[in-house]
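Take a look at the letters that make up each chain.
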Amino acid sequence: MVVAAENAGERLDRVLAAGIETLSRSRLKALIMAGQVAIGGRTIRDPSERVNAGAEITVKVPQPEPATPQGEAFPLTIVYEDDALIVIDKPKGLVVHPAAGNWTGTLVNALIAHCGDSLSGIGGVRRPGIVHRLDKDTTGLMVVAKTDRAHRKLAQQFADHGRTGPLERGYLAFAWGAPDRPRGTIDRPIDRHPRARDKMAVREGGRAAITHWEVLERHAGADGKPVASLLACRLETGRTHQIRVHLAAIGHPLLGDDTYGPGFKTKAALLPAAAQAALTTLGRQALHAYLLGIDHPETGEFLEFHSNLPADLENLRQSLAAGEQ
């Protein structure tokens, strides 16, 4: 590529990122530092190198390295797939990305096996591009990029959180008790818990976090008061455990959430017998990502996906309703 007059004096990595949409800026910086970029035939290893108008830049892109971690073939529920991305309906118990204690059997392992050579080499390695996550025991819709360009475009949408763009993320949450209003917004910052490092908490000075909620169903307990409710939640930000932390902060933690609602276990005695049994067998927080809307990173077409409640949560829902008949 040739540097345009309006780009004179800008950083090399910034100019390349603007001119080569198929590669992320981080990937381009890595290529520069690896000696794969030249200006006028002279190899440049400094991403901050300033460029001159009319300078000719060449970029060598090596073949993607083999995937790390390795692929593991096991069934996935695929909602949509094309050359740029894949949307899956994640089951409970599936960890998204390899990490300490879960180096194998993750969604990433399964996607590497499923996608194979259709992964174009995100960051120089054949791997799926994770732009958002669901907790291990949260079910529902996730989109994953298959190319560097798609990863870059999708990451921009998730960074914007739908404030100015099209992104939509909706969750169905079974909560203890019921808010006294039909709908509302929780606007409270979230940060690491000061003592339990595996937990998050509402904390002053934390990162901004906004959750919008609406009551869909209220379910009365043995005392005639609301013992549980089904809420539809929409995220305006994407903090770790955001819905779980926010609902607990307003006194309505998720059913089955032993991390953020352990003090509510005694309320199970107020549930109908069938609902008590359903909650016991649930073994996880009652949260499902039912709605996902994105702009396709290649075509710009708006795509919207819906996922029904999985069997365990549908059983819980029906058991709560049956106890009121």
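Let me sum up the structure you'll find in this document. The structure presented is a predicted model; accordingly, all values stated were derived computationally and were not measured.

With respect to the environment of Thr211
1) Next: Within the secondary structure layout, Thr211 lies in strand S12 (residues 210-220).
2) Next: Looking at Thr211, the relative accessible area reads 1%, which means it is buried.
3) Next: Distance from Thr211 to Gly71, taken between C-alpha atoms, is 35 Å for residues 140 residues apart in sequence.
4) Next: For Thr211, the side chain forms a polar contact with the side chain of Gln242, separated by 2.8 Å.

A word on the sheet that holds strand S3 (residues 57-59)
1) Next: Spatially, S2-S1-S3 is the arrangement adopted by the 3 strands of the open sheet, whose pairing is antiparallel. Among the strands making up the open sheet, the edge pair consists of strand S2 (42-43) and S3.
2) Next: Sheet analysis places strand S1 (residues 37-39) next to S2, joined by 2 bridges and oriented antiparallel. By the bridge assignment for S2, Ala38 is matched with Thr43.

A closer look at the side chain of Thr106
1) Next: The residue Thr106 is located in the loop between strand S5 (85-90) and helix H3 (107-115) in this model.
2) Next: Take Thr106: its relative accessible area is 0%, and that puts it in the buried class.
3) Next: A polar side-chain atom of Thr106 sits 2.7 Å from a polar atom in the side chain of Asn109.
4) Next: Residues contacting Thr106, with those up to four places away along its chain left out, are Phe74, Leu94, Val95, Val96, His97 and Pro98.

Here's the deal with the nonpolar core
1) Next: Counting 28 residues, the largest nonpolar core has Leu107, Met142, Tyr171, Cys233, Ile243 and Leu247 as its most contacted members.
2) Next: Put simply, the parts of the chain that give this core at least two residues each are S5, H3, strand S7 (139-145), strand S8 (168-176), S12, strand S13 (226-235), helix H5 (242-249) and strand S14 (287-295).
3) Next: Broken down by element, the residue count for this core peaks at 5 residues, all from H3.
4) Next: Sequence-distant contacts of Ile243, that is, excluding residues within four places in its chain, are made with Tyr171, Thr211, Cys233, Leu235 and Leu287.
5) Next: Counting 21 residues, the second largest nonpolar core, distinct from the first, contains Leu172, Leu271, Leu282 and Leu320.

Quick notes on a positive patch on the surface
1) Next: Together, Arg192, Arg195, Arg197 and Arg203 make up a region of like positive charge exposed at the surface.
2) Next: With respect to the element layout, Arg197 can be found in the loop between strand S10 (190-192) and strand S11 (200-202).

Description of the environment of Ala8
1) Next: Mapped onto the elements of the fold, Ala8 is located in the segment before helix H1 (12-19).
2) Next: On the accessibility criterion, Ala8 (39% relative accessible area) is partly exposed.
3) Next: Sequence separation between Ala8 and Ala55 is 47 residues, and the spatial gap between their C-alpha atoms is 9.1 Å.
4) Next: Here Ala8 is in contact with Val3, Val51 and Ala53, once residues within four sequence places are set aside.

Here's the deal with the pairing of S7
1) Next: The buried fraction of S7 amounts to 7 of the 7 residues, a majority that puts the element mostly inside the structure.
2) Next: Alignment of S5 against S7, held across 6 bridges, turns out to be antiparallel. Each bridged residue has a counterpart across the sheet, and for Ile86 the counterpart in S7 is Val144.
3) Next: The pairing of strand S6 (residues 129-130) with S7 spans 2 bridges and is classified as antiparallel. Looking at the pairing, Ile130 lines up with Val144 of S7.
4) Next: With 2 bridges connecting them, S7 and S14 associate as parallel partners. Bridge assignment links Thr139 to a residue of S14, and that residue is His288.

About the criteria used
Numbering of residues begins from 1 in every chain and follows the order in which that chain's sequence is written. Only residues with pLDDT of 70 or above have their local features reported here, since the model is predicted, and side-chain atom pairs are shown and tallied only from 80 upward, although totals for entire chains, interfaces and linings are computed over all residues. Only hydrogens and water are removed before side-chain values are computed, so all heavy atoms of the structure are retained for them. Only DSSP runs of H or I with at least four residues qualify as helices, and only runs of E with at least two residues qualify as strands; both kinds are numbered from the N terminus onward. Throughout this description, buried means an accessible area under 20% of the type-specific maximum (1.4 Å probe, protein chains only), exposed means over 50%, and partly exposed covers the range between. The definition of a polar contact used here is a pair of N or O atoms within 3.5 Å, where within protein one atom must be able to donate a hydrogen and the other to accept one, and adjacent residues in sequence count solely through side-chain atom pairs. Any two strands with at least two DSSP bridges between them are considered paired. In what follows, a contact means two residues having at least one pair of non-hydrogen atoms within 4.5 Å. To qualify as a nonpolar core, a set must consist of buried Ala, Val, Leu, Ile, Met, Phe, Trp, Tyr and Cys residues joined through side-chain atoms within 4.5 Å. Every patch collects residues that have over 30% relative accessible area and no salt bridge, joining them within 9 Å if they carry like charges and within 5 Å if they are nonpolar side chains (Val, Leu, Ile, Met, Phe, Trp, Tyr). The accessible surface values rely on the Shrake-Rupley method and a 1.4 Å probe; as for residues, cover is taken only from the protein chains in view. One speaks of a salt bridge when a side-chain nitrogen belonging to Lys or Arg is within 4 Å of a carboxyl oxygen belonging to Asp or Glu. Counting rule applied: Lys, Arg positive; Asp, Glu negative; His and chain ends not counted. A single reference atom marks each charge: NZ on Lys, CZ on Arg, CG on Asp, CD on Glu.

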